[in-house]
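One-letter residues, chain by chain:
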Amino acid sequence: MLDSLVWDAELIRRHDQPGPRYTSYPTAVQFDNQVSAFDLLHALRDSRKALRPLSLYVHLPFCAHICYYCACNKVITKDRGRAQAYLQRLEQEIQLIACHLDPRQSVQQLHLGGGTPTFLNHDELRQLMASLRSHFNLRLDDGGDYGIEIDPREADWSTMGLLRELGFNRVSIGVQDFDPLVQRAVNRLQTLDETRAIIEAARTLQFRSVNLDLIYGLPRQTVDSFARTVDEVIQLQPDRLSVFNYAHLPERFPPQRRIDHVELPPPGVKLQMLKGTIEQLTAAGYRYIGMDHFALPDDDLAIAQEEGQLQRNFQGYTTHGHCDLIGLGVSAISQVGDLYSQNSSDVNEYQNTLAGAQLATARGLNCDADDRLRRAVIQQLICHFELDFAAFEQRFGIEFRGYFAAIWAQLQQMQGDGLIELDAVGIRVKPVGRLLVRSVCMLFDAHLAPQDQQRFSRVI
Ligand code: SF4
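Keep in mind that what you see is a predicted model, and the values were worked out from it rather than measured. (Residues numbered from 1 in each chain as written. Predicted model: local features only at pLDDT ≥ 70, side-chain atom pairs only at ≥ 80, totals over all residues. Heavy atoms only, no water.)

## What to know about the state of the cysteines
On inspection of all chains with the given rule, the structure shows zero disulfides. Free of any disulfide, cysteine 323 has its nearest neighbouring cysteine sulfur in cysteine 383, separated by 15 Å. (Disulfide = S-S within 2.5 Å.)

Rendered as structure tokens:
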């Protein structure tokens, strides 16, 4: 069974450390400014020749209010007029990218993230989708996975109706915590009724999937208060749940300086919250997919994992890892073939560059053969918790143990600790090691430097 997890506090204490979430390998920390728009155009040409299917990500950075825990790339403004200037540049980017692709390349996945995508008014949402549809081959049959992030404070039934009409069939709803004390401490006041109304709208309008986001480790949370939030969430029956560990890094994310660190739950309490959450969700029938993610057994992610098809990319766990990912908007990341490229993270720079009819590529990385191998190893472990040496030897023309000789002693140590099983056939992450799969993956990360590690949240 893929959904079995076993809790071992001592093992967690020993192996919990800061580490990447591996939505890519190498991670974005390794990107540098040697990659330019020229590299992206080159990669798009290869994508076009191979007629690879596409996954589009569109970043809409505006938010009307600041959440103090936020680590996203966003622009806080009450000026709704700012969206229009941004949309104009986004449309230019859409044109500049799409003209290098083939109209036969079907868009199998679309995701609007932010920021708050519904900061855009209805006309602007229509305008954006019309632009995407006129330049890319978006599906008309509702068969793609077309999702959008929803802040229930910035959406209502009519918004949901519009989104469904525009072709969206998945929603991801930010909740974090329902406790009013916690909500006040993070400046995100959002009632259970507001959230329930959006979920009811999604169900009535036949959105295929509803995802909710929670965060544990926020100020003023207690084990009991978070358990109440999880209970309320279970009543709402989302298809998927993301339960993130709050990483307090105020020197990197200025909004977090508004959080009083003495109100943060200590690490031992956070561990109890996570343990309680896993017990509650498992008892309610949810499966642990992997890092931070749970899903009902009939959800696509759970089915893909069962069938060995699950993958991971910048959008998290996905069934569309075979697509080239095109990131549009400020700070958006593309993954086209072996190239990662990221747009400027500064909204003015992004807009000014596009105003000059140039793509806003600022940094990136071209994977070499070693990166491709390690990426596949990490993907395999993080999505399926087991790895067959023979399959990798055949696919990459290596002798697995010889290639990774430098880390074999550490793998054996993890076996001795009971985290993994290691034999002549392969590696299997044991149920007790699944929460720590990031630590196993980190052994295969050739780029990870101790100073970089502090930029990541802890494994748990
Ligand atoms: S958490 Fe989301 S809604 Fe809140 S400020 Fe950040 S991007 Fe905006």
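Additional details are given in the paragraphs that follow.
## Re the pattern of salt bridges
Counted by the stated rule, this structure contains 27 salt bridges. Across the pair arginine 153 and aspartate 151 runs a salt bridge whose closest N-O atoms are separated by 2.7 Å. Classification of arginine 153 as partly exposed rests on a relative accessible area of 23%. Ionic pairing is found between arginine 220 and glutamate 263, a salt bridge with its closest N-O pair at 3.2 Å. Here glutamate 263 lies in the loop between β9 (240-245) and α9 (267-283) and arginine 220 lies in the loop between β8 (209-216) and α8 (223-236), a separation of 43 residues in the sequence. Glutamate 263 sits in the partly exposed class, given a relative accessible area of 26%. (Salt bridge = Lys/Arg side-chain N within 4 Å of Asp/Glu carboxyl O. Buried < 20%, exposed > 50% of the residue type's maximum accessible area, 1.4 Å probe, protein only. Helix = DSSP H or I, 4+ residues; strand = E, 2+ residues; numbered from the N terminus.)

## Let's talk about the packing of helix α4 (residues 122-135) against helix α5 (residues 157-165)
Running from amino to carboxyl end, α4 crosses α5 at an angle of 15 degrees, the nearest separation of the two axes being 11 Å. In terms of their interaxial angle, α4 and α5 are classed as roughly parallel. Once α4 is placed against α5, the crossing between them reads as right-handed. Touching His122, Leu125 and Arg126 of α4 are Ser158, Thr159, Leu162, Leu163 and Glu165, all from α5. Within the contact of α4 with α5, the residues separate by chemical class into three nonpolar, three polar and two charged. (Axes fitted to C-alpha atoms, helices over the stretch in contact; angles between N-to-C directions. Parallel < 35°, antiparallel > 145°, perpendicular 65-115°, else oblique. Left-handed = near helix turned anticlockwise from the far one by under 90°. Contact = heavy atoms within 4.5 Å. Nonpolar A, V, L, I, M, F, W, Y, C, P; charged D, E, K, R; others polar.)

## Things to note about the packing of aromatic side chains
Considering all chains together, one arrives at 16 aromatic pairs under this definition. When the centroid spacing of 5.7 Å and the interplanar angle of 85 degrees are considered together, the rings of phenylalanine 314 and tyrosine 340 count as edge-to-face. Taken together, the residues phenylalanine 314 in the loop between β12 (311-313) and β13 (316-318) and tyrosine 340 in strand β16 (residues 339-343) connect sequence positions 26 residues apart. A centroid spacing of 5.0 Å and a plane angle of 80 degrees characterise the contact between phenylalanine 404 and phenylalanine 444, whose relative ring orientation is edge-to-face. One end of the pair, phenylalanine 404, is in the loop between α14 (400-403) and α15 (408-417); the other, phenylalanine 444, is in the loop between α16 (437-443) and α17 (450-453), and 40 residues separate them in sequence. The ring of phenylalanine 119 has arginine 80 lying over it, and the distance from NZ or CZ to the ring centre is 4.4 Å. A cation over an aromatic ring shows up here: arginine 164 above the ring of phenylalanine 207, its NZ or CZ 5.6 Å from the ring centre. (Phe/Tyr/Trp six-rings, centres within 6.5 Å; stacked < 30°, edge-to-face > 60°. Lys NZ or Arg CZ within 6 Å of the ring centre and 35° of its normal.)

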